[in-house]
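Structural description and commentary
Residues per chain, in single letters:
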Amino acid sequence: MQRNRALSAQATSVQRALAADPSRWRHGYALATEVRLRSASLYPNLVRLADRSLLEAAWGPGPERRPRQHLYRRTGDGRAHLVALPVAAAARNARCHP
């Protein structure tokens with residue numbers, strides 16, 4: 001089920017962290033450290049972003065003798081969505097504060 005509700009500040013911070021190098025695959029742990037989110041907050045946000053096609057997830061190799069790990073990176077839709085955020089915020093503010 002596709003939702004059109006605005007993303008949380010946490011999801012936006014994850015998108016911004018991925019924006020630093022959009023083509024690079026990132027591990028969840030590295031993202032959690034960078035945006036200072038616990039895994040209980042980070043991973044549901046990553047799933048929501050992937051469900052909205054704002055990022056893609058794939059299995060990548062883990063460290064030696066460790067299980068494979070999920071990797072994440074932004075999609076073209078994710079880049080477009082992040083660019084549109086300031087415009088959407090300005091429109092909301094204009095409606096709320098005429």
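In case you missed it, the structure is sitting above this.
Side note on the sheet that holds strand β2 (residues 55-60)
- Strand order in the open sheet formed by 3 strands is β1-β3-β2, and the pairing between neighbours is antiparallel. Each of the sheet's edge strands pairs with one partner strand only, and the pair in question is β1 (26-27) and β2.
- Bridge count between β1 and strand β3 (residues 69-74): 2 bridges; the pairing is antiparallel. Across the sheet, the residue bridging to arginine 26 is tyrosine 72, located in β3.
- Sheet strands touched by helix α1 (residues 9-19): β1, β2 and β3. Its angle to β3, the strand with the most contacts, is close to 85°.

A short note on helix α3 (residues 39-51)
- Here α3 spans 18 Å end to end across 13 residues, near enough to the 18 Å set by a 1.5 Å rise per residue.
- By the burial criterion, the buried members of α3 are Leu42, Asn45, Leu46 and Leu49. The arc that holds every buried residue of α3, seen down its axis, measures 105°, which confines them to one face. Exposed and facing more than 90 degrees away from the buried side of α3 are Ala40 and Asp51.
- In this fold, the buried residues of α3 make contact with α1, α2 (28-35), β2 and β3.

Let's talk about unusual backbone geometry
- Positive phi outside glycine occurs at serine 53, with the angle close to 65°.
- Even without glycine at this site, arginine 65 takes up a positive phi of about 60°.
- Tracing the sequence through the fold places arginine 65 in the loop between β2 and β3.

Looking at the packing of α1 against α2
- The contact between α1 and α2 brings their axes to 10 Å, and the two run at 110°. It follows that α1 is roughly perpendicular to α2 by the angle criterion. Touching Ser13, Val14, Ala17 and Leu18 of α1 are Leu31, Glu34 and Val35, all from α2.
- When its residues are assigned to classes, the contact of α1 with α2 shows 5 nonpolar, 1 polar and 1 charged.

Comments concerning the environment of tyrosine 29
- Position of tyrosine 29 relative to the elements: it lies in helix α2.
- We classify tyrosine 29 as exposed; its relative accessible area is 65%.
- Spatially, the C-alpha atoms of tyrosine 29 and leucine 71 are 9.8 Å apart, while their sequence positions differ by 42 residues.

Calculation rules
Residues numbered from 1 in each chain as written. Predicted model: local features only at pLDDT ≥ 70, side-chain atom pairs only at ≥ 80, totals over all residues. Heavy atoms only, no water. Pairing = 2+ DSSP bridges. Helix = DSSP H or I, 4+ residues; strand = E, 2+ residues; numbered from the N terminus. Contact = heavy atoms within 4.5 Å. Axes fitted to C-alpha atoms, helices over the stretch in contact; angles between N-to-C directions. Expected span 1.5 Å × (residues − 1). Buried < 20%, exposed > 50% of the residue type's maximum accessible area, 1.4 Å probe, protein only. Arc of directions from axis to C-beta. Parallel < 35°, antiparallel > 145°, perpendicular 65-115°, else oblique. Nonpolar A, V, L, I, M, F, W, Y, C, P; charged D, E, K, R; others polar.

Just distances and angles here, no functional claims.
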